[in-house]
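As a plain string of letters, each chain reads:
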Amino acid sequence: MSFPRLRLGLYAAVVAAVFVLASYKLYRSNDARAPQKEEVLIKAMLQGLSAAHYQPEQVDDNFSRRVFDLYLKRIDYAKKFLLQSDVAQLRKYQTEIDDQVRRGSHEFLDLATQLTKQRTKDVQALYRDLLSKPMDFTVEESFQTDPDKTQFPADAAAQREEWRKYVKYQTLIRLAEIQDEQAKRDPKKAATPALSAAEMEAEARKRVLKNFDEQFNDLLQNDDNDRLALWANTIANTYDPHTEYFAPRDKETFDIEMTGRFEGIGATLQQRDGQIRVADIVPGSASYRQGQLKVGDVIQRVAQGAAEPISIEGMRLDKAITYIRGPKGTEVRLTVKKADGSMQIIPIVRDVVVLEEKFAQSATIDHGGKKFGYIHLPAFYADFNDNGGRSSGDDVKKELEKLKQENVQGVILDLRNNGGGSLTDAVEMAGLFIDSGPIVQVRSPQGSAQVLNDRDPRVQYSGPLVVLVNKYSASASEILAAAIQDYKRGVVMGSTSTYGKGTVQRIFNLDDALPAEFNAIKPFGSLKLTTQKFYRINGGSTQFKGVTPDITLPGADSYLDQGEKDTDYPLKWDEISPARYRAWNQPPPIDRLRANSAARVAASPSFKSVQDIVARMRKRKDDTVVSLKLASFRAEQEIAKAESKRYEESQKAAAPLNIAPLAIDLRAVQSDTVKQNRVRRLTKNLVKDINLREAVAVVNDELTSSVTKR
């Protein structure tokens, strides 16, 4: 994701004015009757989208078809609920959704909701019936696991047969797990006798039933607000995958992802067996300091201060969290059941929770008598609301300064799995590695592109540089990688091209945009709107295509169809005129580095194992039919296990990296063992990272090359 970190500029102010004007017209046109929340939200959204989206769509029959197709996929992607007759009923409205939106009606949505609710109840009765009877796993039959290769069931009988196979497939998986558990069982230490074949089959069905009941409990708790959020988001997504509607609680979750901060008690929660359990306590948080809430506690009721408590037993996790989180300084009282069965009321005063795992960290790597620096950046985070939070640009600058004090001779910046974030921080970060110049071009729907420059002539770090990327490096990550590549400032390495998201979004609070006349039906949530597209300084967009690494490594993600081009309704690639820039005066010898890397990879048993795994994954991806016969299923499993074991052994055999946390970081947390573990956890997970090892070898090659040239 890419978002500006600065306050709204002129363009954003114009967009906000469009929303206000649209909502005013909407209110005036409906003043003869009380406006409904659904009607106000959808109309205001569409008017804003039509006026301000980078590539606005005409609200016409084609728009209707796009919304219809996407909503049908959202409510029943696996084709497990609706019948062909249901889809036929819905299809009558395929070209009428635009007309319904204009007049403020929702016949299609009402029918889809009615049918989905009924079919969900029907299917719940169906799977419970199927799971009440023993299953025969000696029959030779198969199940198609890819929904794209199936059709909606023709009738109730066809649906039952489809669910019979699906339930049998899920039970088969659990049965294999139970057989493995029994095989590992030590009879001398076991408190109970081994399970018979019939008992294992019954236990497998019991586990599947429990899993399905939990899923359907969540589905059946969907209310009008959930339905409206799904509908609004589907409409927004037909413009492009990153234009989204956020219900109020979804916006809060999004802010946490972007900033690494939120206000609450600081406990990670999970739902299990219909109960809300404490899975973890965030170090330094309100819960951590209060001390009474423990991992494993079951939260049964929640009270806001001295108010009457509300039961959250059986409640969906996301809804339960809305009662537990709250503003800094407010008190929440949790009624919890302890592991020993005792009950306790725990008062906690909420505070700001900082998720340290989301922030930049660095380490040093000793290799061949040289020391190299490593920086892990999980996201381009920023405090968009100016609440005193951290920014990734500032943090990476500090990490570079610490690495310079360690006298590192090269740096690896790890952007793998970094989905982006603050556009401003990406520009600032690129500027740490060059003297000055353009970093990225940003174009609005009208007018020429705006060039965003690094204006600081200081180079924070001028030595050898490698940027690690993968399929999940997106948006701001792609801006930074592309700038490093275009300036020939460093080497971009990865297992595949990056994600391919080259658009900029701004978030608009609809409650701020809509006038006071609508206060009675607020809150409306927020709209994340694609307003601009960004381009490399060489003129090409990263949209759709992503960034192709200078050096490509074998990687398990290379076979996945999970980039921008694989989403619904993505904007296409294009290019504009390049910006004026001057390449780095000591570019890395890419051809020589690539050749050296290829030779090492070809000779590496670990990389050979990865290539074999990828080849098998590609084959399995196309082979989506599985056997429902236990013997055949187990035989396939054994083959997969043997392959996996060979892969794990080859990775273990790889020479370990000599990577360590910075001494300055360990000294800073020497009195807190929890924080010490967090600092050490980064390096522990990287010791056997073969891609990082190859990145170190490339940095070393570049360093050797630069010394030779001198």
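Here, the structure is the one placed above.
Engineer: Help me understand the overall build of the protein in this model?
Structural biologist: When its secondary structure is counted, the protein shows 22 helices and 24 strands. Relative to a compact globule of 710 residues, whose C-alpha radius of gyration would be 27 Å, the protein shows 28 Å and is just as compact. Once the C-alpha set of the protein is aligned to its principal axes, its extents read approximately 80 × 75 × 55 Å. Here the protein holds 710 residues, and 49% of them are scored as buried. The long-range fraction of contacts in the protein, counting pairs at least 24 apart against all pairs at least 6 apart in sequence, stands at 78%. Accessible area of the protein: about 32700 Å², with a carbon and sulfur share of 51%.

Engineer: How do you make sense of the sheet that holds strand E12 (residues 361-367) when you look at a structure like this?
Structural biologist: Sheet strands pair via backbone hydrogen bonds, and the direction of the pair is either parallel or antiparallel. Judged by pairing direction, the sheet is mixed, and its 7 strands sit side by side in the order E22-E19-E18-E14-E13-E12-E24 without closing on themselves. Bordering the open sheet on either side are strand E22 (551-552) and strand E24 (658-661), each of which pairs with just one other strand. Examined bridge by bridge, E12 and strand E13 (residues 370-376) share 7 bridges and lie antiparallel to one another. From the neighbouring strand, alanine 363 faces E13, where its bridge partner is tyrosine 374. Sheet strands in contact with helix H15 (residues 476-486) are strand E14 (411-414), strand E18 (465-469) and strand E19 (491-494), and its direction is about 140° off that of E18.

Engineer: What is the right way to read the side chain of lysine 43 from this model?
Structural biologist: Relative to the elements of secondary structure, lysine 43 occurs in helix H2 (residues 37-52). According to the relative accessible area criterion, lysine 43 is buried, its value standing at 13%.

Engineer: Would you mind showing me how to read the pattern of salt bridges here?
Structural biologist: Where charged atoms from two side chains of opposite charge come close, those side chains can pair. Counted by the stated rule, this structure contains 56 salt bridges. Here arginine 102 and aspartate 98 are joined by a salt bridge, their closest N and O atoms 3.4 Å apart. Of this pair, arginine 102 and aspartate 98 both sit in helix H5 (residues 97-103), 4 residues apart, which is roughly one turn of the helix. Exposure remark for aspartate 98: the relative accessible area of 3% places this residue in the buried category. Among the ionic pairs, glutamate 107 bridges to arginine 103, the shortest N-O distance being 3.5 Å. Looking at glutamate 107, the relative accessible area reads 31%, which means it is partly exposed.

Engineer: Would you explain the packing of aromatic side chains in this entry?
Structural biologist: Two descriptors summarise a pair of aromatic rings, namely the distance from one centre to the other and the angle between the planes of the rings. With the rule as written, the count across this model stands at 18 aromatic pairs. Relative to phenylalanine 212, the ring of tryptophan 163 has its centre 5.8 Å away and its plane inclined at 70°; by these criteria the two rings are edge-to-face. Placement of tryptophan 163 in helix H7 (residues 156-183) and of phenylalanine 212 in helix H8 (residues 197-220) is noted, with a sequence separation of 49 residues between them. Here the two residues tryptophan 163 and phenylalanine 212 agree in accessibility, since each one is buried. Pairwise contacts between aromatic rings join Phe81, Tyr127, Phe143, Trp163, Tyr166, Tyr169, Phe212 and Phe216 into one cluster. Across the ring face of phenylalanine 152, the terminal group of lysine 79 is positioned such that the distance to the ring centre comes to 5.9 Å. Geometry around tyrosine 166 places lysine 80 over its ring, the cationic atom sitting 4.8 Å from the centre.

Engineer: What exactly am I supposed to notice about unusual backbone geometry here?
Structural biologist: Glycine aside, the phi torsion of most residues is negative, and most peptide linkages are trans. Proline 523 follows lysine 522 through a cis peptide bond whose omega is 10°. Mapped onto the fold, proline 523 is located in the loop between helix H16 (510-513) and strand E21 (526-535). With a phi close to 60°, asparagine 407 is a non-glycine residue in the positive phi region. On the secondary structure map, asparagine 407 appears in the loop between helix H13 (392-405) and E14. For serine 475, which is not glycine, the phi dihedral falls at a positive 60°. By the secondary structure assignment, serine 475 is in the loop between E18 and H15.

Engineer: Explain the environment of valine 349 to me, please; I cannot follow it from the model alone.
Structural biologist: Here valine 349 shows up in strand E10 (residues 343-349). A C-alpha to C-alpha distance of 5.5 Å links valine 349 and threonine 330, two positions 19 residues apart in sequence. Aside from chain neighbours lying at most four places away, what touches valine 349 is Ala286, Gly329, Thr330 and Glu331.

Engineer: What is the right way to read the packing of helix H6 (residues 107-130) against H8 from this model?
Structural biologist: For the pair H6 and H8, interaxial distance at closest approach is 11 Å and the crossing angle is 170°. The angle between H6 and H8 falls in the class roughly antiparallel. Residues Thr120, Lys121, Val123, Gln124, Tyr127 and Arg128 of H6 touch H8, and the partners they reach there are Leu209, Phe212, Asp213, Phe216, Leu219 and Leu220. Among the residues forming the contact of H6 with H8, the class breakdown is 7 nonpolar, 2 polar and 3 charged.

Engineer: Would you mind showing me how to read the pairing of strand E17 (residues 450-454) here?
Structural biologist: For a regular strand, the rule is simple: side chains alternate between the two faces of the sheet. Sheet topology note: the strand E16 (residues 437-443)/E17 ladder contains 5 bridges and is antiparallel. Note on E17: the bridge partner recorded for glycine 437 is aspartate 454. In sequence, E16 turns back onto E17 through a hairpin of 6 residues, with glycine 447 there showing a positive phi of about 90°.

Engineer: I keep staring at the pairing of strand E6 (residues 275-281) and nothing clicks. Help me out?
Structural biologist: Examined bridge by bridge, strand E5 (residues 267-272) and E6 share 6 bridges and lie antiparallel to one another. Looking at E6, one finds that glutamine 270 is bridged to arginine 277. Taking the residues that link successive antiparallel strands as the turn, the E5-E6 hairpin has 2 residues, and the phi of aspartate 273 there is positive, at about 55°. Inspection of the sheet shows E6 paired to strand E7 (residues 298-304) by 2 bridges, in the antiparallel sense.

Engineer: Help me out: how do you make sense of the side chain of glutamate 141 in this one?
Structural biologist: Its place among the elements puts glutamate 141 in the loop between H6 and strand E2 (142-144). Not counting the four nearest positions on each side in its chain, glutamate 141 is found in contact with Arg164, Lys165, Lys168, Val626, Ser627, Leu628 and Lys629.

Engineer: When you look at the environment of proline 241 in this model, what are you seeing that I'm missing?
Structural biologist: Along the polypeptide, proline 241 turns up in the loop between helix H9 (224-237) and strand E3 (244-246). Along the primary structure proline 241 and leucine 334 are separated by 93 residues, whereas in three dimensions their C-alpha atoms are 39 Å apart. For proline 241, the contacting residues outside a window of four places in its chain are Glu564, Thr567, Asp568, Tyr569 and Pro570.

Engineer: Could you clarify how one ought to interpret helix H17 (residues 590-603) in this entry?
Structural biologist: Residues lying three or four places apart along an α-helix face the same way, a consequence of the helix completing one turn every 3.6 residues. Between its first and last C-alpha atoms H17 spans 20 Å; for 14 residues at 1.5 Å apiece the expected length is 20 Å, and the two agree. For H17, the complete set of buried residues consists of Ile590, Leu593, Ser597 and Val601. Viewed along the axis of H17, the buried residues span an arc of 65°, placing them on a single side of the element. Seen from the buried face of H17, the exposed residues on the opposite side, beyond 90 degrees, are Asp591, Ala602 and Ala603.

Calculation notes
- Residues numbered from 1 in each chain as written.
- Predicted model: local features only at pLDDT ≥ 70, side-chain atom pairs only at ≥ 80, totals over all residues.
- Heavy atoms only, no water.
- Helix = DSSP H or I, 4+ residues; strand = E, 2+ residues; numbered from the N terminus.
- Rg over C-alpha atoms; globule rule 2.2 N^0.38 Å.
- Buried < 20%, exposed > 50% of the residue type's maximum accessible area, 1.4 Å probe, protein only.
- Contact = heavy atoms within 4.5 Å.
- Areas by Shrake-Rupley, 256 points an atom, 1.4 Å probe, with all protein chains shown as cover.
- Pairing = 2+ DSSP bridges.
- Axes fitted to C-alpha atoms, helices over the stretch in contact; angles between N-to-C directions.
- Salt bridge = Lys/Arg side-chain N within 4 Å of Asp/Glu carboxyl O.
- Phe/Tyr/Trp six-rings, centres within 6.5 Å; stacked < 30°, edge-to-face > 60°.
- Lys NZ or Arg CZ within 6 Å of the ring centre and 35° of its normal.
- Parallel < 35°, antiparallel > 145°, perpendicular 65-115°, else oblique.
- Nonpolar A, V, L, I, M, F, W, Y, C, P; charged D, E, K, R; others polar.
- Expected span 1.5 Å × (residues − 1).
- Arc of directions from axis to C-beta.

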